[in-house]
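# Structure at a glance
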Amino acid sequence: MMGPVTATQTSSCPTLRVSSVLRAAEQRDSAWWRHAVIYQVYPRSWADSNGDGLGDLPGITARLGHLRSLGVDALWLSPFYPSPQADAGYDVADYREVDPLFGRLADADELIARAHELGLRVIVDLVPNHSSDAHSWFRAALAAGPGSPERERYIFRNGRGAGHELPPNNWESVFGGPAWSRVTEPDGSPGQWYLHLFDSAQPDFNWDHQQVRSEFESVLQFWLDRGVDGFRVDVAHGLVKKDGLPDHRARTHMLGDTEEAAAHALDGHSPEPTHHIPYWDQDGVHEIYRSWREVLDSYGGPERILCAEAWVEPQERAVLYTRPNEMHQAFNFDFLGTPWIAEDLVAVIERSLIAADSVGAPSTWVLSNHDVVRHATRLGYAPGTRRPNGIGAEDPQPDRELGLRRARAATTLMLALPGSAYLYQGEELGLPESTDLPDELRQDPTFVRSGGEEKGRDGCRVPMPWFRDAPGHGFGPGPATWLPQPSFYGDYAVDQQDGVAGSTLELYRALLRRRRDLSLGSGSLAFVRGYGPDEGQ
Ligand code: GLC
């Protein structure tokens, strides 16, 4: 383990000084997840074994060697469960099966076993805020009609207005449009409304219902029994809604971005606390995670983990999800959202470590995932440009070369930080976003629900290039890819970078090796201050 850097250490350059040390290096607890590097595999787009153009579990298993040679500790798989794919699998119809699109349950077992043989841990995605409208419980709720016990497992209400023709309140869906949809009752009459904070195909569960709570504890056990090492918990801050479902005007965008937050940031003010919004970060969520933690802990060591996807401000509330008897980690989206400005980055890193330390948790770090424009592209815009939700051909285009240069620097910084880091598939290749997808191929529900105003997230989900000269750049055995790969993707292919000095892939491998050799993930941190003004490079 790296020794602590002390505040008295001096630099050879007299104008530079070292700030005080953040975070003690002597961690008593060296549990794997405190410093793990976890690689997100987006199953549709990583590797296709059967040539249908959509990635699958056997495809992933066959290429786990890539992760082993990259040097990560674990992989997190986005959902592969049966689903109508209204939101690329985040609309789950059965929590205990594998969608035939991705394989069979036996393929999941094989993936887990092979990963473990290679020394890789496996984290799966759990989507507890909502199910698919094709879930048997929701179908039963529709069939059973108003007032039935089946309806109580979701959030059904009568509409407002004389004929109940208006939604029960004014909440807006994260994907755009109202957060309520009206059903047709079994007798054919226009009926009740149900809540969906995301797409209308994703009805929200009623977490006040005991059956919902027991069901998810049982789902956790199902996957723990199959050997998974943890769960990434989708929309962890959304499960409990404020009593009475009071009106609230603002629309939240992905990762918690609201118009108000953006305006506040421009004014230099702190954003409004998320829990002021009646469907986010309500205190009641915490008892759910305490009960889940008991389930996980009952499996003994080595620890299985929970990681919260919780878009929560301020950070002091976000870290409540990682108190010792709740989750192990939470994504740090403040870091992801920070512009490429040195003093802003220093500030967010300091704040993150102090906040995480206050509850004894490790901080996490992430720059890209399946919901945001890839950082090699994001950083190709002027610092401070508002993070777009997708980019189209008619939008201002990024400076690709500058973006890659900054992305490499950003990752170098991130992988040196104490805590746990998340990588998103393809970033190890310096992969940029696809910025010219034809609108008719877009599949993200945001595109349709926002009336095309937001291009959505398809551009970061394009299938991986493995071999430049193979059909589909080696994504599968044939040329099919569910989204087209940009013309330049072949230049970024794994085979173009493997063993090539200076390539982004070799940079990632070297950074991960160095991080491991020097135990940087469990080290302490101090900033050297006194460098010249930020050049924006
Ligand atoms: C999370 C997922 C995102 C999904 C949403 C609704 O934010 O990361 O992809 O659309 O939840 O489940």
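This brings us to the site of the ligand. Around the ligand, a shell composed of 16 residues is seen, among which Asp87, Asp234, Glu309, His370 and Asp371 lie nearest. Here an oxygen atom of the ligand sits 2.9 Å away from a polar atom, N or O, in the side chain of His130. In the model, an oxygen atom of the ligand is placed 2.9 Å from a nitrogen or oxygen of the Arg232 side chain. When the ligand is considered free in solution it has 310 Å² of accessible area, and contact with the protein chains removes 100% of it. Given that more than half its atoms are within 2 Å of the pocket grid, the ligand belongs to the largest cavity.

Another point: the environment of Pro203. By the secondary structure assignment, Pro203 is in the loop between strand S7 (190-195) and helix H5 (210-225). Since its relative accessible area comes to 0%, Pro203 is described here as buried. Distance from Pro203 to Asp257, taken between C-alpha atoms, is 22 Å for residues 54 residues apart in sequence. Sequence-distant contacts of Pro203, that is, excluding residues within four places in its chain, are made with Asn129, His130, Ser131, Ser132, Asp133, Phe138, Tyr154, Tyr194, Leu195 and His196.

All right, on to the packing of helix H12 (residues 400-416) against helix H15 (residues 504-517) then. Packing of H12 against H15 brings their axes to within 9 Å, and their N-to-C directions diverge by 15°. Classified by the angle their axes make, H12 and H15 are roughly parallel. Between H12 and H15 the crossing geometry is right-handed. Two secondary-structure elements touch here, H12 through Leu404, Arg408, Thr411, Thr412, Met414, Leu415 and Ala416 and H15 through Thr504, Leu507, Tyr508, Leu511, Leu512 and Arg515. Here the contact of H12 with H15 is composed, by residue class, of eight nonpolar, three polar and two charged.

What follows covers the packing of H5 against helix H7 (residues 285-297). Angle between the axes and distance between the axes are the two parameters that describe a pair of packed helices. The contact between H5 and H7 brings their axes to 10 Å, and the two run at 30°. Along this stretch, H5 crosses H7, giving a crossing that reads as right-handed. Across from Arg213, Phe216, Glu217, Leu220, Gln221 and Leu224 in H5, the residues of H7 making contact are Glu287, Ile288, Ser291, Trp292, Val295 and Leu296. In terms of residue class, the contact of H5 with H7 is made up of seven nonpolar, two polar and three charged.

A separate point is empty space enclosed by the protein. Using the criterion set out here, one finds five cavities of 30 Å³ or more in the structure. When its volume is computed, the largest cavity comes out at roughly 100 Å³. In terms of residue class, the lining of the largest cavity is made up of six nonpolar, three polar and seven charged. Reported here for the second largest cavity is a volume of approximately 60 Å³. Around the second largest cavity, the lining residues are Tyr42, Arg44, Gln85, Ala86, Asp87, Ala88, Gln443, Asp444, Pro445, Asp458, Arg461 and Trp482. For the lining of the second largest cavity, the per-class residue count stands at five nonpolar, two polar and five charged.

Here the focus is the pairing of strand S9 (residues 305-308). Residues Ile305 and Cys307 line one face of S9 and the alternating positions Leu306 and Ala308 line the opposite face, and both faces are buried. Bridge count between strand S8 (residues 230-233) and S9: four bridges; the pairing is parallel. Note on S9: the bridge partner recorded for Phe231 is Leu306. Pairing geometry for S9 and strand S10 (residues 329-330), over two bridges, is parallel. Bridged to Cys307 within S10 is Gln329.

How each quantity is defined
Residues numbered from 1 in each chain as written. Predicted model: local features only at pLDDT ≥ 70, side-chain atom pairs only at ≥ 80, totals over all residues. Heavy atoms only, no water. Near = heavy atom within 4 Å. Polar contact = N/O pair within 3.5 Å; in protein donor to acceptor, adjacent residues only side chain to side chain. Areas by Shrake-Rupley, 256 points an atom, 1.4 Å probe, with all protein chains shown as cover. 1 Å grid on protein atoms, 1.4 Å probe; cavity = no way out; pocket = protein on both sides within 12 Å on 5 of 7 lines; lining within 4 Å. Sits in = over half its atoms within 2 Å of the grid points. Helix = DSSP H or I, 4+ residues; strand = E, 2+ residues; numbered from the N terminus. Buried < 20%, exposed > 50% of the residue type's maximum accessible area, 1.4 Å probe, protein only. Contact = heavy atoms within 4.5 Å. Axes fitted to C-alpha atoms, helices over the stretch in contact; angles between N-to-C directions. Parallel < 35°, antiparallel > 145°, perpendicular 65-115°, else oblique. Left-handed = near helix turned anticlockwise from the far one by under 90°. Nonpolar A, V, L, I, M, F, W, Y, C, P; charged D, E, K, R; others polar. Points joined across faces, edges and corners; volume = space filled by probe spheres on them. Pairing = 2+ DSSP bridges.

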